[in-house]
Amino acid sequence: MNRTACLVPYWILNFTIGFGWFSLAPLVPSLISQFSVGLSSITLLISIYGYTMVVFALASGYLSARFSVSISLVSAAIISSLGLFLRAFSPNYDFLLAAQIIAAIAYPLALGPVGSLAQSISRERSHMIVGISVGILFLGMSAGAFLTHSILVSLGSVRNVFLLDAGLSLLALATLPLVTKKCPADYAGRSLKGVFKAGMFKNWYVGLIISSFSVMFGGIAAVALGAFPALQANAESYSGVLTGLSFLGSAFGAIILPPIFETLRRVRTGMIVTSLVAMLSMALLGYGLAYSGNYVILMAAFFIFGFFGNAYWSMAMTSTTRYSPDPAQAGFATSMYSVATNLGVAFIPTFLGPYFLGNHGPGVGIVVGAVALGFILSFFLKVSSDSRGGKQEVPASQA
């Protein structure tokens, strides 16, 4: 079997996790009514996925390093299916929350060890593998956000929508074990000693700001748009479209751009270009939400920031694997990156989001400045390995 064949079931798994995760977003009013809880309780269900990444990502990296990637991925498929089926039969909110927590644990187990999977399959094509793997997760999130309302109308109930989510997860569970034993496991070693390098802080910063700002602006968009009289009546609907466009851009950006720059052997150039456009689109996005309210411009800004920002996020993630030639350690490196990224998601939107809404001038300055620092760091992220490096460009700094 071709080495890359085991990626197809893995990508199916990522898509179903993303779809099951963000199929909740269009169901928020129905869930509030059905379970008699407030908005904050329902948004917690969506946030749970980020929290589980913080708690369990290192465990997934450890599993893939000490045992095998297959164990982590099959566990993710089983846990996702179990949680999503339990979610469909929730009699009350507490049961629903518990089921959602179970389903969410699949997210770090699936995404955490992507570095091991990429390097063990093809070190020379690791940017492509990581980019597509991350992009397909976002494609599932976008599909869930865009399609679930229509699915609800067709199927008639929240339970039926949840059952569809669970049924899709079974597809991943059925196909994954067929090929995981054939996935390569040519690890140079399984010790995690020395896997952390101080240079990774640069990568962590990039991942943190891109993901945090994506979540933050998706969360405050409805309130920000409500401040403009022309948009006030449809603020919630418009914010859903903007969030969906951001996810769609994130999916396409991660799938398309990293493989192109990797094929051209211009990964450094790719980091610089994507971070620069992300900075410019963030300026447009921040100004649009704070002062302009031009919906067409905002649609473009959300999509472009997702497209270029997540491509940069993906390449920064792959860059952490360049600190070690060992695929086992590479998986733990991407797990640490995921933890740092989601710590930002857990805290930055909560504090910076309300500040941005109440302090437009400083708020725009902070978000643009933060992404500008990410642009500067693009000149210094590692693009070649400490050993066995491919024929990449010579990085500006090996730190």
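Structural notes, computed from the coordinates. Treat the numbers as computed from the prediction; the structure is a model and nothing was measured.

### Observations regarding the packing of helix α4 (residues 69–88) against helix α5 (residues 93–104)
For any two helices packed against each other, the geometry is given by the interaxial angle and the distance between the axes.
Here comes step 1: It is at 7 Å that the axes of α4 and α5 come closest, and there the two elements cross at 165°. On the basis of the axis angle, α4 is roughly antiparallel to α5. Crossing geometry of α4 relative to α5 is assigned as left-handed. On α5, the residues that touch Ile-79, Ser-80, Leu-82, Gly-83, Leu-84, Leu-86 and Arg-87 of α4 are Phe-95, Leu-96, Ala-99, Gln-100, Ile-102 and Ala-103.
Here comes step 2: Tallied by class, residues from the contact of α4 with α5 come to nine nonpolar, three polar and one charged.

### Structural notes on the pattern of salt bridges
Here comes step 1: One pass over the structure, following the stated rule, counts one salt bridge.
Here comes step 2: One salt bridge in this structure joins Asp-165 and Arg-87, with 2.8 Å as the shortest N-O distance. Residue Asp-165 is located in helix α9 (residues 158–180), and its partner Arg-87 is located in helix α4; the two are separated by 78 residues in the primary sequence. Neither Asp-165 nor Arg-87 differs from the other in exposure class; each is buried.

### Overview of the layout of surface pockets
Here the idea is plain: a probe the size of a water molecule rolls over the atoms and shows the empty space left.
Here comes step 1: The calculated volume of the largest pocket comes to roughly 1,800 Å³.
Here comes step 2: Phe-22, Thr-43, Ile-46, Gly-218 and Gly-219 are the residues nearest the centre of the largest pocket, which is lined by 49 residues in total.
Here comes step 3: For the lining of the largest pocket, the element with the most residues is helix α10 (residues 200–226), which contributes 10 residues.
Here comes step 4: Its residues assigned to classes, the lining of the largest pocket comprises 31 nonpolar, 17 polar and one charged.

### Let's talk about the packing of aromatic side chains
Here comes step 1: All chains considered together, the criterion is met by 16 aromatic pairs.
Here comes step 2: Judged by centre distance (4.7 Å) and plane angle (70°), the rings of Phe-22 and Phe-247 are edge-to-face. You can see Phe-22 sitting in helix α1 (residues 7–22) and its partner Phe-247 sitting in helix α11 (residues 235–263), a full 225 residues away along the chain.
Here comes step 3: Ring centres of Phe-217 and Phe-356 lie 5.2 Å apart, and the angle between their planes is 90°; this geometry places the pair in the edge-to-face category. Placement of the pair is Phe-217 in helix α10 and Phe-356 in helix α14 (residues 327–358), with a sequence separation of 139 residues. A single burial state applies to Phe-217 and to Phe-356, both of which are buried.
Here comes step 4: Three or more aromatic residues joined by ring pairs make a cluster, and in this case those are Trp-21, Phe-22, Tyr-49, Tyr-107, Phe-138 and Phe-247.
Here comes step 5: Stacked on the ring of Phe-162, the Lys or Arg Arg-87 has its end atom at 4.3 Å from the ring centre.
Here comes step 6: The positively charged end of Lys-382 is found above the aromatic ring belonging to Tyr-323, 5.1 Å away from the centroid.

### So, the environment of Arg-265
Here comes step 1: With respect to the helices, strands and loops of the structure, Arg-265 is situated in the loop between α11 and α12 (267–292).
Here comes step 2: Owing to a relative accessible area of 43%, Arg-265 belongs among the partly exposed residues under this scheme.
Here comes step 3: C-alpha separation for the pair Arg-265 and Glu-124, spaced 141 residues apart in sequence, amounts to 10.0 Å.

### Considering the environment of Met-271
Here comes step 1: Within the fold, Met-271 resides in helix α12.
Here comes step 2: Look at Met-271 and you get buried, because its relative accessible area is 0%.
Here comes step 3: In this structure the C-alpha to C-alpha distance between Met-271 and Phe-375, which are 104 residues apart in sequence, comes to 8.2 Å.
Here comes step 4: Not counting chain neighbours up to four residues away, the residues in contact with Met-271 comprise Tyr-312, Met-315, Ser-319, Ser-378, Leu-381, Lys-382 and Val-383.

### Focus on the side chain of Thr-16
Here comes step 1: As for its placement among the helices and strands, Thr-16 is situated in helix α1.
Here comes step 2: In this structure Thr-16 comes out as buried when scored by relative accessible area, which is 4%.
Here comes step 3: Excluding anything up to four places from it in sequence, Thr-16 contacts Leu-168, Ser-169 and Ala-172.

### Overview of α10
Here comes step 1: The terminal C-alpha atoms of α10 lie 40 Å apart, and with 27 residues this matches the ideal 39 Å at 1.5 Å per residue to within 8%.
Here comes step 2: Taken as a whole, α10 carries its principal kink of about 45° at Ile-220.
Here comes step 3: In terms of burial, α10 is largely enclosed, as 19 of its 27 residues are buried.

Reading the values: the criteria
Residues numbered from 1 in each chain as written. Predicted model: local features only at pLDDT ≥ 70, side-chain atom pairs only at ≥ 80, totals over all residues. Heavy atoms only, no water. Axes fitted to C-alpha atoms, helices over the stretch in contact; angles between N-to-C directions. Helix = DSSP H or I, 4+ residues; strand = E, 2+ residues; numbered from the N terminus. Parallel < 35°, antiparallel > 145°, perpendicular 65-115°, else oblique. Left-handed = near helix turned anticlockwise from the far one by under 90°. Contact = heavy atoms within 4.5 Å. Nonpolar A, V, L, I, M, F, W, Y, C, P; charged D, E, K, R; others polar. Salt bridge = Lys/Arg side-chain N within 4 Å of Asp/Glu carboxyl O. Buried < 20%, exposed > 50% of the residue type's maximum accessible area, 1.4 Å probe, protein only. 1 Å grid on protein atoms, 1.4 Å probe; cavity = no way out; pocket = protein on both sides within 12 Å on 5 of 7 lines; lining within 4 Å. Points joined across faces, edges and corners; volume = space filled by probe spheres on them. Phe/Tyr/Trp six-rings, centres within 6.5 Å; stacked < 30°, edge-to-face > 60°. Lys NZ or Arg CZ within 6 Å of the ring centre and 35° of its normal. Expected span 1.5 Å × (residues − 1). Bend = angle between axes of the 7 residues up to and from the residue.

Read these as geometric descriptors, not functional statements.
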